[in-house]
Amino acid sequence: MPSQRHVPKHAAKEPGDPATTTPAPATTGKPDAPADVLQSRPARFEGLRVWLRRPGGRMLVAGLALTLVLGAAYASGKYLVPAVSEQRAGSSAPPPPTATPGGIETGDAPVPQTPPTTFSPPAGTKERPSDVLAAWAGPRAVKLNIPPVSLQAYGYAELITARTTPGCKLTWTTLAGIAKIESDHGRTGGALVQDDGKSVPAIIGPPLDGQSNRQAIKDTDGGAIDTDKTWDRAVGPMQFLPSTWKQYGIDADADGVTDVNDIDDAALTAAAYLCSGGRDLSTVEGWNAAIHSYNIPEEYRTAVFNATNDYGRRDRTA
């Protein structure tokens, strides 16, 4: 039975309800840690937040530093997504792939446009650091049916993670696979992804009130994040619980607000969470552990794997 920090997709919604899953990532990566241990921000993320808020952070991330970091990855032509774990009895999980030794290929690495050395969006504009990936994201967003703004956020999160946590080897297709299952990339319930990265209306899951096979998680934020003062709810395009967001949330677009409803902030936060604990997502064990830490059920891991693999395969198809 999943612990309180995980709410399986099928348990977080009414039968037939299109609402997405309600992930509640753990702080330790262990499946038995309760939700209420998420109390303080880990010190290891503070340096990242400070770096992203500096005036030169956008230029450093979007330009020379990131281009250098990704040079080897781009030259290699691809990353590998690990094969699925051994199929459980009665599970619908696909068998490990055999056509591609070591795993299934994902899409091409994101390549940023080199911005001017003075790049700094004027105050009050809607420019985002991830806009340096506009040329990379545009054509594949149409092919993959992903909002360009969302795809830029996934690619940008890969770039940042490659610099701050190079051993993780996270790829944008993994984030896209999770976001597809969680909120259809910020579009569930008829929401639209705006140019600034926010979904309108905001995506808020059902109350975790113990009804209809949902877990019971009492309010942890006074309704400040999920608008519910009685029960917690998962929020945003990556469906974070308030307690988890308060600990891991990152201001990816350096606008001074750590916003769970902003795909830029949510995607980079999800990347940091998946990479926590020293995971290497280029391995079978590391990738599976990361996805299970986001949501325990095997059905969830299978769904994310299938979506991730599909995006990678289609991205490489002319």
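Residues numbered from 1 in each chain as written. Predicted model: local features only at pLDDT ≥ 70, side-chain atom pairs only at ≥ 80, totals over all residues. Heavy atoms only, no water.

1. As for the packing of aromatic side chains
Argument step 1. The full count for this structure, using the stated rule, is six aromatic pairs.
Argument step 2. Residues Y273 and Y294 carry aromatic rings whose centres are separated by 6.1 Å and whose planes lie at 65 degrees to one another, so their mutual orientation is edge-to-face. Of the two residues, Y273 sits in helix α8 (residues 263-275) while Y294 sits in helix α9 (residues 284-294), which places them 21 residues apart along the sequence. As far as the burial class goes, Y273 and Y294 line up, both buried.
Argument step 3. The ring centre of W231 lies 4.3 Å from the NZ or CZ of K218, which sits over that ring. (Phe/Tyr/Trp six-rings, centres within 6.5 Å; stacked < 30°, edge-to-face > 60°. Helix = DSSP H or I, 4+ residues; strand = E, 2+ residues; numbered from the N terminus. Buried < 20%, exposed > 50% of the residue type's maximum accessible area, 1.4 Å probe, protein only. Lys NZ or Arg CZ within 6 Å of the ring centre and 35° of its normal.)

2. Concerning the side chain of Q152
Argument step 1. With respect to the helices, strands and loops of the structure, Q152 is situated in helix α5 (residues 148-164).
Argument step 2. Excluding anything up to four places from it in sequence, Q152 contacts R128, S130, D131, L133, A134 and A137. (Contact = heavy atoms within 4.5 Å.)

3. Quick word on the environment of A202
Argument step 1. With respect to the helices, strands and loops of the structure, A202 is situated in the loop between β4 (199-200) and α7 (242-248).
Argument step 2. When the C-alpha positions of A202 and L192 are compared, they lie 9.2 Å apart, and in sequence the two are 10 residues distant.

4. Quick look at the environment of Q113
Argument step 1. Within the secondary structure, Q113 sits in the loop between β2 (104-105) and α4 (134-144).
Argument step 2. Sequence separation between Q113 and W136 is 23 residues; the distance between their C-alpha atoms is 8.3 Å.

5. Observations concerning the nonpolar core
Argument step 1. Among the nonpolar cores identified, the biggest contains 51 residues, and Y154 and Y294 are the most heavily contacted of them.
Argument step 2. Looking at this core, the elements that each hand over two or more residues are α4, α5, α6 (172-183), α7, α8, α9 and α10 (298-315).
Argument step 3. If one sorts the elements of this core by residue count, α8 sits on top with 10 residues. (Core = buried A, V, L, I, M, F, W, Y, C linked by side-chain atoms within 4.5 Å.)

6. Quick notes on unusual backbone geometry
Argument step 1. Here the amide bond leading from V200 into P201 is cis, since omega sits at -5 degrees, within 30 degrees of zero.
Argument step 2. Summarising the element assignment, P201 is placed in the loop between β4 and α7.
Argument step 3. Here D184, not a glycine, exhibits a phi torsion of approximately 50 degrees, which is positive.
Argument step 4. Within the element layout of this structure, D184 appears in the loop between α6 and β3 (192-193).
Argument step 5. Among the residues examined, D184 registers a relative accessible area of 24% and is labelled partly exposed.
Argument step 6. For H185, which is not a glycine, the phi torsion comes out positive at approximately 65 degrees.
Argument step 7. The residue H185 is located in the loop between α6 and β3 in this model.

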